[in-house]
Amino acid sequence: MKTLQHKPVGGVRSVRLYPANAVESVIFSVGECQVVLSTEGVGVELLDDASLYEEQLCNKGGAPLVEHSLTLVAERNRGSEWLDGAWQERMTTEGVVAVVELNDGRVLLVGYSEEFGDEQPLHLASLVSSSGQALLDTPRLTLKLISYDTRMSCEIV
C-alpha cells in the first residue's frame with residue numbers, strides 16, 4: 001500500500017501575494033523548488049472552505065498550456081489590501097506571485113516558473129464585492145487571479 005505524503009483533503013488554507021519582481025532566487029528540482037522573496041507580501045485571512053486553486057493542462061496548437069487559476073474569498077472587512085488602488089494596479093499591470101498553502105499541507109509557488117521566471121505572473125481577472133443574499137450572509141470579496149505557463153506549479157520545500 002502506498003503511503004500518501006500529504007493529507008487527502010482539498011482547499012486553500014492561506015495565500016500571500018508578492019509583486020512579481022519580489023522573487024530574488026529560486027532553485028528548481030523535479031516538481032519542487034526553494035524560493036527567496038524580497039518582501040513580506042500581502043496576506044488576507046480567507047473564509048474557510050471558500051478559496052480554490054486550479055491548474056488546467058490544455059493542448060494549445062500542439063503545445064502544452066497550463067492555466068493557473070487562484071480564487072480567494074475573504075470577508076469584506078478583512079480584504080482592505082485587495083481594495084487598495086495601488087495594489088489593484090500592480091495585480092493588473094505587473095502581476096503578482098503567490099505562495100499558496102493548501103489544506104493538505106503542501107505549499108506551492110504560483111505565477112513564477114523555471115521556464116519563464118517572472119514573465120508569466122498571476123494577473124487580476126476579477127475582484128467582486130458581494131453583500132450576500134440572506135440576512136446572515138457575510139459580505140465578501142472574491143479575488144480571481146490567472147496566469148499561463150507550460151508547467152504545473154512547483155511545491156516549495
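Here the structure is shown first, and the text comes after it.
Attention here is on the structure that accompanies the text. (Residues numbered from 1 in each chain as written. Predicted model: local features only at pLDDT ≥ 70, side-chain atom pairs only at ≥ 80, totals over all residues. Heavy atoms only, no water.)

1. A short note on the nonpolar core
What counts is decided by this rule: Take the buried Ala, Val, Leu, Ile, Met, Phe, Trp, Tyr and Cys residues and link them wherever side-chain atoms come within 4.5 Å; each set so joined is a nonpolar core. Only protein chains enter the area calculation, which uses a 1.4 Å probe; residues under 20% of their type maximum are buried, those over 50% are exposed, and those in between are partly exposed. Only DSSP runs of H or I with at least four residues qualify as helices, and only runs of E with at least two residues qualify as strands; both kinds are numbered from the N terminus onward. Here, residues are in contact when the closest pair of their heavy atoms is within 4.5 Å.
Ranked by size, the top nonpolar core spans 23 residues in total, and within it Val15, Leu17, Leu70, Trp82, Ala98, Val100 and Leu145 carry the most contacts. Looking at this core, the elements that each hand over two or more residues are strand S1 (12-19), strand S6 (63-75), helix H2 (85-92), strand S7 (96-102), strand S8 (107-110) and strand S10 (140-149). Per-element tally for this core: the top contributor is S7, with four residues. Other than its neighbours up to four places away in sequence, tryptophan 82 contacts Leu17, Val44, Leu46, Leu72, Val73, Ala74, Trp87, Gln88, Met91, Leu127, Leu141 and Leu143. Of all hydrophobic cores here, the second largest spans twelve residues; its members include Tyr18, Val26, Tyr112 and Cys154.

2. Concerning the state of the cysteines
Our working definition: The definition used for a disulfide is geometric: two cysteine sulfur atoms within 2.5 Å.
Counted according to the given criterion, the structure contains one disulfide. We note that cysteine 58 lacks a disulfide partner, and the nearest cysteine sulfur, in cysteine 154, lies 20 Å from it.

3. Thoughts on the sheet that holds strand S11 (residues 154-156)
Note the threshold: Strands pair, by our definition, only if DSSP identifies at least two bridges between them. Between the N-to-C directions of two axes lies an angle of 0 to 180 degrees, each axis being a line fitted to C-alpha atoms and, for a helix, fitted only over the stretch in contact.
The strand order S2-S3-S11-S8-S7-S1-S4 describes an open sheet built from seven strands, whose pairing is mixed. Both outer strands of the open sheet, strand S2 (23-29) and strand S4 (42-43), are each paired with one neighbouring strand and no more. Sheet topology places S7 next to S8; four bridges connect them, and they run antiparallel. Looking across to S8, one finds that glutamate 101 is bridged to valine 107. Running at roughly 85° to S1, H2 makes contact with S1, S4 and S7 of the sheet.

4. Comments concerning the side chain of aspartate 149
Short version of the rule: Only four residue types enter the charge count: Lys and Arg as positive, Asp and Glu as negative, with His and the chain ends excluded. Salt bridges are identified by distance alone: a Lys or Arg side-chain nitrogen within 4 Å of an Asp or Glu carboxyl oxygen. In protein, a polar contact means a hydrogen-donor-capable atom and an acceptor-capable atom, both N or O and within 3.5 Å, with residues adjacent in sequence counting only if both atoms are side-chain atoms; elsewhere, any N or O pair within 3.5 Å suffices.
Mapped onto the fold, aspartate 149 is located in strand S10. In this structure, aspartate 149 is buried with no salt-bridge partner, the nearest side chain bearing the opposite charge being arginine 151 at 6.7 Å. Engagement of the side chain of aspartate 149 in a polar contact is seen with the side chain of serine 113, the distance being 3.0 Å. With sequence-adjacent residues up to four places away left out, aspartate 149 is seen in contact with Pro64, Leu65, Val66, His68, Ser113 and Phe116.

5. Focus on the pattern of salt bridges
Applying the stated rule across the entire model yields six salt bridges. Residues arginine 78 and glutamate 75 are paired through a salt bridge, measuring 3.6 Å at the closest nitrogen-oxygen approach. Among the residues examined, glutamate 75 registers a relative accessible area of 23% and is labelled partly exposed. For the salt bridge of aspartate 104 with arginine 106, the shortest nitrogen-to-oxygen distance reads 2.9 Å. Using a relative accessible area of 26% as the deciding quantity, one classes arginine 106 as partly exposed. Here the salt bridges share partners, and the residues they tie into one network are Glu45, Glu75 and Arg78.

6. Some points on the environment of glutamate 119
Mapped onto the elements of the fold, glutamate 119 is located in the loop between S8 and strand S9 (123-130). Measuring from C-alpha to C-alpha, the distance between glutamate 119 and asparagine 21 comes to 9.5 Å, with 98 residues separating the pair along the chain.

7. Some words on unusual backbone geometry
Its identity is not glycine, yet aspartate 49 carries a phi of approximately 55°, on the positive side. Counting through the fold element by element, aspartate 49 comes out in the loop between S4 and strand S5 (52-60).

These results come straight from atomic positions and should not be treated as a statement about function.
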